[in-house]
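# Examination of the molecular architecture
The residues making up each chain are set out below.
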Amino acid sequence: MMEARGVVAGRGPGTAARAPLHFQLAPGRISLLLGPNGSGKSSLLLALAGLLPLQQGTLWLDGRRIDGLPPERRRALGLALVPEGPAVLPGLTVQDNLRAGGSGLRRAALQAAVERMLQRFPELRPCLGQAAGTLSGGQRKLLALAQALVGGPRYLLLDEPMLALAPPVVQRLRGLLPLLREEGIGLLLAALPPAPALRALAD
């Protein structure tokens, strides 16, 4: 269980949420966070992942307090983030982006994890030697998701996972997210309302 207790997050003075947030993210469930632009959804997810400091409150992961840990330690403990937009390393190849997602794994485990991602995302295999920055927006979104999954997270934070994507990619994600839930991953999706496609997926 990931649990936020009295969390306040923001990008600077005057940007924090007006009230502390309390919520739980359970394994094998999809939770949905809706709010308009500027309401702090992205800041919250960045703070949960350790990329922004919490202004208030505590964060717990499977009974362990993690709000004082750096991002790489949180990732090693099973918490991964796919931020809004095409969040890949554009100058690196697709293969190196996948390897970067499993930087904490041993060599053999990393190779196996990358191969699993290529089986899950077969559309990435022909692009392995291609710079990630040259991919289409939909391909970059799938690569960012694959990169986050390489390390085997138990909790996955997705910021605007379907924003500005072509219908085939949206359909691909609509089929994929429930599969991740069935594998026991807890997913927190942040989006602009009304987000009907995400509402249909959320528990």
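All of the points below concern the structure found in this document.

What counts, and at which threshold
- Residues numbered from 1 in each chain as written.
- Predicted model: local features only at pLDDT ≥ 70, side-chain atom pairs only at ≥ 80, totals over all residues.
- Heavy atoms only, no water.
- Pairing = 2+ DSSP bridges.
- Helix = DSSP H or I, 4+ residues; strand = E, 2+ residues; numbered from the N terminus.
- Axes fitted to C-alpha atoms, helices over the stretch in contact; angles between N-to-C directions.
- Contact = heavy atoms within 4.5 Å.
- Salt bridge = Lys/Arg side-chain N within 4 Å of Asp/Glu carboxyl O.
- Buried < 20%, exposed > 50% of the residue type's maximum accessible area, 1.4 Å probe, protein only.
- Expected span 1.5 Å × (residues − 1).
- Core = buried A, V, L, I, M, F, W, Y, C linked by side-chain atoms within 4.5 Å.

### Comments concerning the sheet that holds strand β3 (residues 30-34)
- In spatial order, the strands read β3-β8-β7-β6; together these four strands make up an open sheet with parallel pairing. Either end of the sheet is taken by a strand with one partner, and the two such strands are β3 and β6 (79-82). The mean angle between the axes of side-by-side strands here comes to 15°, regardless of whether they run parallel or antiparallel.
- The sheet strands contacting helix α6 (residues 167-182) are β3, β7 (155-159) and β8 (186-191), and the helix crosses β8 at an angle near 145°.

### Brief notes about the pattern of salt bridges
- In total, this model carries eight salt bridges according to the counting rule given.
- A salt bridge links E123 to R172; the nearest nitrogen and oxygen atoms lie 2.9 Å apart. Of this pair, E123 sits in the loop between α4 (107-120) and α5 (137-150) while R172 is found in helix α6, placing the two residues 49 residues apart along the sequence.
- The exposure class assigned to R172 is partly exposed, which follows from its relative accessible area of 26%.
- Here D203 and R181 are joined by a salt bridge, their closest N and O atoms 3.2 Å apart. Within this pair, whereas D203 is found in the segment after α7 (196-201), its partner R181 is found in helix α6, the two being separated by 22 residues in sequence.

### Quick word on α5
- Taking 1.5 Å of rise per residue, 14 residues should cover 20 Å, and α5 covers 20 Å from first to last C-alpha, within 8% of that figure.
- Listed as buried for α5 are G138, R140, K141, L142, L143, A144, L145, A146, Q147, A148, L149 and V150.
- Buried positions along α5 lie against α2 (71-76), β6, α3 (94-101), α4, β7 and α6.
- Just past α5, the residue G152 takes up positive phi, approximately 70°.

### As for the nonpolar core
- With 43 residues, the main nonpolar core has L98, F121, L145, L156, L177 and L187 as its most contacted residues.
- Counting residues per element, the ones that place at least two in this core are β6, α3, α4, α5, β7, α6, β8 and α7.
- Tallying contributions element by element places α5 first for this core, with eight residues.
- Residues contacting L187, with those up to four places away along its chain left out, are L25, R29, I30, S31, L156, L158, L177, L180 and R181.
- If you look at the next biggest cluster of nonpolar residues, it comprises 23 residues, including A47, L52, Y155 and A190.

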